[in-house]
Amino acid sequence: MERLGTGIGWRPEIADAVERMPGIDWVEAVAENVCPGHLPDSLLRLRERGVTVIPHGVSLGLGGADRPDEGRLTALAERAEALGAPLVTEHIAFVRAGGPLTASPLLEAGHLLPVPRTRDALDVLCENIRIAQAALPVPLAVENIAALLAWPGEEMTEGQFLYELADRTGVRLLIDVANLHTNHVNRGEDPAKALAELPVEAIAYVHVAGGIERDGVWHDTHAHPVPAPVLAILTDLASRVSPPGVLLERDDNFPEPAVLERELEAIQGALTKGWARSAARGAPSREGQTISAVEASKTAPAHEATAAARQRLGLAQTALLSALVAGTPVPDGFDRVRLGVQARALGVKRADVVAKVAPELPEILGELYRPAFLAYAHSHPMTGGYRRDALDFAGQLLLSGGPKDAEVRREVREWWLERSGPAPRSTRPAVRLARATRRVLLRR
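Summarised in this report is the structure supplied together with it. Keep in mind the model is a prediction, meaning the values are calculated, not measured.

## Side note on the overall build of the protein
The helix and strand inventory of the protein stands at 17 helices and twelve strands. Taking all 444 residues of the protein together, 51% fall into the buried category. Within the protein, contacts between residues at least 6 apart in sequence are counted, and of these 77% link residues at least 24 apart. Accessible area of the protein: about 19,900 Å², with a carbon and sulfur share of 55%.

Structure, rendered in structure tokens:
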């Protein structure tokens, strides 16, 4: 595994600042936000300088009951090739459930949700990862996620689950120390125990990020400073292994570049402290490595994930996701209060992301946007991604007789008509003039 060094998450909002930051060896870009044929100029300039760019996927859903979608795998492979990336990364999570496997409507979470640490889930995940490995042109690394919820009846700890996953597939691990802290606060899991059980030699690189605690629940926001407990976990990790790379994630509420640079310095300080701790006790320096997928296939169990295991997992994940986004009864064994917190968080996230995907809607609706969207989300699960969600919200708002203000309603309708057809509305001058004339007449 090549050494990556110090990195930061590349986002359009801080692209210029990232280009000017000293000591940045590599960046990570959200795969779904990059178009292979139209790479952002900033990423092209970074690549020309020799800065490594790694695509980080968020929508593959490797932990889901269905096999990975071929189209999504092809898209991820195209981004890896366009960026000349040495590897690609995704998450150990499910992001959708339902559909033909369970004979129920397909539901989208719009969020990374935890898989149960059970044999069924592990078998399915291992098979899904092997499918992805075969379709990708470069190695795959998968990330542990933050979770508000714990599945009942789990059979393994996180460290045990990840160890067996890496052992059976040869997949590399992207360890997020902020997520270990999140699971410590929310689920009572000991980060030190998780690190002790991890196959640390399989680590491809490490994520570091900030969050905030509200009412005893830690929210992994990626929009707040990195807290001391997260840096302490990074130090513990560095005392066990020298990770090939460490990356600072920031997705919102971006501070001044100098603040990000100080966070990168704090991360380097935590690593140095860990390495010194390792040297003081005479521990050998271990480099992040793992066996290849070819070698792992020799040790993989003879049986593949059975259809029965996929169906059992699919039914369980569908029941949970339906309770979170469609208001169906809470499955047995789940913490109802915590599930309610997660459901509200999903609704707020939907509102925030739709506001970014379709910024015209909050501009048109003003203070009406958030309460109207949350009311819509409570009874309308997302089924086709955030762009579809924005259109469905506007359409439902119009069908329900809103907004009450005639001018605001007209603007929402115009916005919906511009985007809901099979092709964009004509921009020919004569057609635009006719629409403008009609709008003037309607105001009279």
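We are not done yet, so read on.
## Description of unusual backbone geometry
Of note, the bond from Gly402 into Pro403 is cis; its omega dihedral lies within 30 degrees of zero at -15 degrees. Its location among the elements puts Pro403 in the loop between helix 15 (385-399) and helix 16 (406-420). Here Asn253, not a glycine, exhibits a phi torsion of approximately 50 degrees, which is positive. Within the secondary structure layout, Asn253 lies in the loop between strand 12 (245-248) and helix 9 (257-280).

## Quick look at the packing of helix 15 against helix 16
At a minimum axis separation of 10 Å, helix 15 and helix 16 run at an interaxial angle of 135 degrees. The orientation of helix 15 relative to helix 16 falls into the category oblique. For the pair helix 15 and helix 16, the crossing hand works out as left-handed. On helix 16, the residues touching Ala390, Leu391, Ala394, Gly395, Leu397 and Leu398 of helix 15 are Arg409, Val412, Arg413, Trp415, Trp416, Arg419 and Ser420.

## What to know about the side chain of Arg168
Summarising the element assignment, Arg168 is placed in helix 5 (residues 158-169). Overall, Arg168 belongs to the buried group, its relative accessible area being 9%. Within polar-contact distance, the side chain of Arg168 engages the side chain of Asp123 at 2.9 Å.

## Section: the pairing of strand 5 (residues 94-99)
Summarising burial for strand 5: six of the six residues are buried, a large majority. Once strand 5 ends, the chain turns through four residues before running back antiparallel as strand 6 (residues 104-113), passing Ala103 with a positive phi of about 50 degrees.

## Quick notes on the packing of aromatic side chains
Tallied over the full model, the rule gives seven aromatic pairs. Seen in terms of ring centroids, Trp26 and Tyr205 are 4.6 Å apart; in terms of plane orientation they differ by 70 degrees. Their pairing is edge-to-face. With Trp26 in strand 2 (residues 26-30) and Tyr205 in strand 9 (residues 203-208), this pair connects stretches of sequence that are 179 residues apart. Under the relative-accessibility criterion, Trp26 is labelled buried at 0%. Summarising the aromatic geometry, the rings of Tyr369 and Phe393 are spaced 5.9 Å apart at their centres and angled 85 degrees between planes, so their arrangement reads as edge-to-face. Linking Tyr369 in helix 14 (residues 369-379) with Phe393 in helix 15, this pair joins segments that are 24 residues apart in sequence. For the pair Tyr369 and Phe393, one class covers both residues: buried. Through pairs of rings, three or more aromatic residues link up here, namely Tyr369, Phe373, Tyr376 and Phe393.

## Regarding the pattern of salt bridges
Applying the stated criterion across every chain yields a total of 23 salt bridges. Here Arg67 ties to Glu127 by a salt bridge, and the two come within 3.5 Å at their closest N and O atoms. Here Arg67, found in the loop between strand 3 (52-56) and helix 3 (70-83), pairs with Glu127, found in helix 4 (residues 119-135); they are 60 residues apart in sequence, far enough to count as distant. Note that Asp236 is salt-bridged to Arg240, the shortest N-O span being 2.9 Å. One end of the pair, Asp236, and the other, Arg240, are both in helix 8 (residues 228-240), four residues apart, so they sit about a helical turn from each other. The exposure class of Asp236 is buried, given its relative accessible area of 17%.

## Quick notes on the packing of helix 14 against helix 15
It is at 10 Å that the axes of helix 14 and helix 15 come closest, and there the two elements cross at 95 degrees. By the angle between their directions, the pair helix 14 and helix 15 is classed as roughly perpendicular. Contact residues: Tyr369, Ala372, Phe373 and Tyr376 in helix 14; Asp389, Asp392, Phe393, Gln396 and Leu397 in helix 15. Considering only residue class, the contact of helix 14 with helix 15 consists of six nonpolar, one polar and two charged.

## Regarding the nonpolar core
Ranked by internal contacts, the top residues of the largest apolar core, which has 87 residues, are Val27, Leu165 and Leu234. The element contributing the most residues to this core is helix 8, with six residues. Residues in contact with Leu234, not counting those within four places in the same chain, are Val177, Val206, Val208, Val246, Ile267, Ala270 and Leu271. Counting 21 residues, the second largest nonpolar core, distinct from the first, contains Val354, Leu361, Leu398 and Trp415.

## Examining the environment of Arg310
Here Arg310 shows up in helix 11 (residues 307-325). For Arg310, a relative accessible area of 3% gives the class buried. Between the alpha carbons of Arg310 and Ala65 there is a distance of 5.0 Å; along the sequence they are 245 residues apart. Beyond its immediate chain neighbours, meaning those up to four positions away, Arg310 contacts Gly64, Ala65, Asp66, Arg67, Leu101, Val124, Glu127 and Asn128.

## Observations concerning helix 4
In this model helix 4 runs 25 Å from its N-terminal to its C-terminal C-alpha over 17 residues, within 8% of the 24 Å that 1.5 Å per residue would give. Helix 4 sits mainly inside the fold: twelve of its 17 residues count as buried. Taken together, the buried positions of helix 4 are occupied by Ala121, Leu122, Asp123, Val124, Leu125, Cys126, Glu127, Asn128, Ile129, Arg130, Ala132 and Gln133.

## Details of the pairing of strand 7 (residues 140-143)
The alternating pattern of strand 7 places Leu140 and Val142 and Ala141 and Glu143 on opposite faces, both of which are buried. As judged from the four bridges shared by strand 4 (residues 88-91) and strand 7, these two strands associate in the parallel manner. Among the inter-strand pairings, His91 is bridged to a residue of strand 7, identified as Glu143. The parallel pair strand 7 and strand 8 (residues 172-176) is bridged by helix 5, and the resulting crossover is right-handed.

About the cut-offs
- Residues numbered from 1 in each chain as written.
- Predicted model: local features only at pLDDT ≥ 70, side-chain atom pairs only at ≥ 80, totals over all residues.
- Heavy atoms only, no water.
- Helix = DSSP H or I, 4+ residues; strand = E, 2+ residues; numbered from the N terminus.
- Buried < 20%, exposed > 50% of the residue type's maximum accessible area, 1.4 Å probe, protein only.
- Contact = heavy atoms within 4.5 Å.
- Areas by Shrake-Rupley, 256 points an atom, 1.4 Å probe, with all protein chains shown as cover.
- Axes fitted to C-alpha atoms, helices over the stretch in contact; angles between N-to-C directions.
- Parallel < 35°, antiparallel > 145°, perpendicular 65-115°, else oblique.
- Left-handed = near helix turned anticlockwise from the far one by under 90°.
- Polar contact = N/O pair within 3.5 Å; in protein donor to acceptor, adjacent residues only side chain to side chain.
- Pairing = 2+ DSSP bridges.
- Phe/Tyr/Trp six-rings, centres within 6.5 Å; stacked < 30°, edge-to-face > 60°.
- Salt bridge = Lys/Arg side-chain N within 4 Å of Asp/Glu carboxyl O.
- Nonpolar A, V, L, I, M, F, W, Y, C, P; charged D, E, K, R; others polar.
- Core = buried A, V, L, I, M, F, W, Y, C linked by side-chain atoms within 4.5 Å.
- Expected span 1.5 Å × (residues − 1).
- Right-handed = clockwise from strand over helix to strand, strands pointing away.

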